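Topology and contacts: notes
If you want the building blocks of each chain, they are given just below.
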Amino acid sequence: MTSETSEIYINHPTWGLLYRICMVDDNQDMFTTLYAQRLFFLVTNDVKGIKFQSIGRTEARMMLENRLRTLRRNGQSQEYDQLQSVFQRTFQ
């Protein structure tokens, strides 16, 4: 169900609707607030449930840059192009 091209949203108990930017790790995704895109969260989903970890804009940017490098190295050009577009909209 979770493909890189689908839009994924999750509801944060305090900040409301969050938009998924990208996968970070196997059970971890980066989300941002839907409208302002100024607050960033690492969301971990495991057997214990969903955990939200707030991260700063600089850390979020570095994580997204690392994900872009990984996609480029692995030759995942379609996912790279999509994430590059998200990166430009969010951080430029």
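These numbers were taken from a predicted model, which means no experiment stands behind them.

What about the overall build of the protein chain?
Of the regular secondary structure elements, the protein chain holds 2 helices and 5 strands. Of all 92 residues assigned to the protein chain, the portion counted as buried reaches 35%. Just so you have it, the protein chain exposes about 6000 Å², and 48% of that area is on carbon and sulfur atoms. Distance between charge centroids for the protein chain: 6 Å, based on 11 positive and 10 negative side chains.

What about the nonpolar core?
By size, the foremost hydrophobic cluster in this structure holds 16 residues, and its most contacted members are I21, M30, F40, L64 and L83. When neighbours within four sequence positions are excluded, F40 is seen to be in contact with I21, M30, F31, T32, Q53, S54, I55, R57, A60, T90 and F91. By size, the runner-up hydrophobic cluster in this structure holds 5 residues, among which are I10, L18, F31 and V43.

Thoughts on the pairing of strand β3 (residues 28-33)
With 5 of 6 residues buried, β3 is to be regarded as a mostly interior element. Looking at chain direction, strand β2 (residues 16-25) and β3 are connected through 6 bridges and run antiparallel. Following the sheet pairing, D25 is matched in β3 by Q28. In this antiparallel pair of consecutive strands, β2 and β3, the connection spans 2 residues.

Some words on the side chain of T33
Following the sequence through the fold, T33 ends up in strand β3. The class of T33 is buried, set by a relative accessible area of 9%. Those residues within four positions of T33 in sequence are excluded, and the remaining contacts are W15, L17, L18, R38, L39 and F41.

Some thoughts on helix α2 (residues 77-91)
Here α2 contains 15 residues, and its C-alpha end-to-end distance of 20 Å stays within 8% of the 21 Å for a straight helix at 1.5 Å per residue. Along α2, the residues that are buried comprise E79, Y80, L83, V86, F87, T90 and F91. Projected down its long axis, α2 shows its buried positions confined to an angular sector of 125 degrees, all on one face. Exposed and oriented more than 90 degrees from the buried face of α2 are Q78 and R89. Tucked into the core, α2 has its buried residues touching β2, β4 (40-46) and α1 (57-73).

Things to note about the pattern of salt bridges
Overall, the coordinates contain 3 salt bridges when judged by the stated rule. Across the pair R20 and D29 runs a salt bridge whose closest N-O atoms are separated by 3.1 Å. What makes R20 buried here is its relative accessible area of 7%. Ionic pairing is found between R61 and E65, a salt bridge with its closest N-O pair at 3.3 Å. With R61 and E65 both in helix α1, this residue pair falls 4 residues apart, about one helical turn. Overall, R61 belongs to the partly exposed group, its relative accessible area being 30%.

Calculation notes
- Residues numbered from 1 in each chain as written.
- Predicted model: local features only at pLDDT ≥ 70, side-chain atom pairs only at ≥ 80, totals over all residues.
- Heavy atoms only, no water.
- Helix = DSSP H or I, 4+ residues; strand = E, 2+ residues; numbered from the N terminus.
- Buried < 20%, exposed > 50% of the residue type's maximum accessible area, 1.4 Å probe, protein only.
- Areas by Shrake-Rupley, 256 points an atom, 1.4 Å probe, with all protein chains shown as cover.
- Lys, Arg positive; Asp, Glu negative; His and termini not counted.
- Charge placed at Lys NZ, Arg CZ, Asp CG, Glu CD.
- Core = buried A, V, L, I, M, F, W, Y, C linked by side-chain atoms within 4.5 Å.
- Contact = heavy atoms within 4.5 Å.
- Pairing = 2+ DSSP bridges.
- Expected span 1.5 Å × (residues − 1).
- Arc of directions from axis to C-beta.
- Salt bridge = Lys/Arg side-chain N within 4 Å of Asp/Glu carboxyl O.

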